[in-house]
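# Analysis of the macromolecular model
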Amino acid sequence: MRMRRMLGLALAAATLAGMSAVGAVSAQAAASPNMTRQECTDAGGQVQARPYDGYYCALPDGSTQPVT
């Protein structure tokens, strides 16, 4: 019984550590640097404005990225 409890705690700790690593990777991806206007046009995109949200680059593949 005690061994099962220890194994459960170890599994829970490993799962929590894995989720933290995934969260850190996601946060890093979300904090990627913005494009410049020149990089946007070089990639074939168009710089557009969102009200109260600043400028973004609309790329030909349908994705958008913030513009500095």
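For the structure, check the block above.
These numbers were taken from a predicted model, which means no experiment stands behind them.

### Regarding the overall build of the protein
- Each helix and strand in the protein was counted, giving two helices and three strands.
- Starting at the N terminus and ending at the C terminus, the protein contains elements arranged as α-α-β-β-β.
- Counting only residues that meet the buried cut, the protein has 10% of its 68 residues in that class.
- Partitioning the contacts of the protein with sequence separation of at least 6, the portion at a separation of at least 24 is 24%.
- For the protein, the exposed surface amounts to about 5600 Å²; the carbon and sulfur share of it is 62%.

### Structural notes on the nonpolar core
- In this structure, M35, C40, C57, L59 and V67 together form the largest nonpolar core, which totals five residues.
- With near-sequence residues (within four places) excluded, C40 lies in contact with M35, G45, Q46, V47 and C57.

### Focus: the sheet that holds strand β2 (residues 54-58)
- Taken in spatial order, the three strands line up as β1-β2-β3 in an open sheet, and their pairing is antiparallel. For this open sheet the edge positions go to β1 (46-50) and β3 (64-66), each flanked by a neighbour on one side alone. Within the sheet, the average angular offset between the axes of one strand and its neighbour, ignoring direction, is 35°.
- The pairing of β2 with β3 spans three bridges and is classified as antiparallel. Paired with Y56 across the bridge in β3 is P66.

### Side note on the pattern of salt bridges
- A complete count under the given rule lists one salt bridge for this structure.
- As a salt-bridge pair, D53 and R50 come within 3.6 Å of each other at their nearest N and O atoms.

Thresholds applied
- Residues numbered from 1 in each chain as written.
- Predicted model: local features only at pLDDT ≥ 70, side-chain atom pairs only at ≥ 80, totals over all residues.
- Heavy atoms only, no water.
- Helix = DSSP H or I, 4+ residues; strand = E, 2+ residues; numbered from the N terminus.
- Buried < 20%, exposed > 50% of the residue type's maximum accessible area, 1.4 Å probe, protein only.
- Contact = heavy atoms within 4.5 Å.
- Areas by Shrake-Rupley, 256 points an atom, 1.4 Å probe, with all protein chains shown as cover.
- Core = buried A, V, L, I, M, F, W, Y, C linked by side-chain atoms within 4.5 Å.
- Pairing = 2+ DSSP bridges.
- Axes fitted to C-alpha atoms, helices over the stretch in contact; angles between N-to-C directions.
- Salt bridge = Lys/Arg side-chain N within 4 Å of Asp/Glu carboxyl O.

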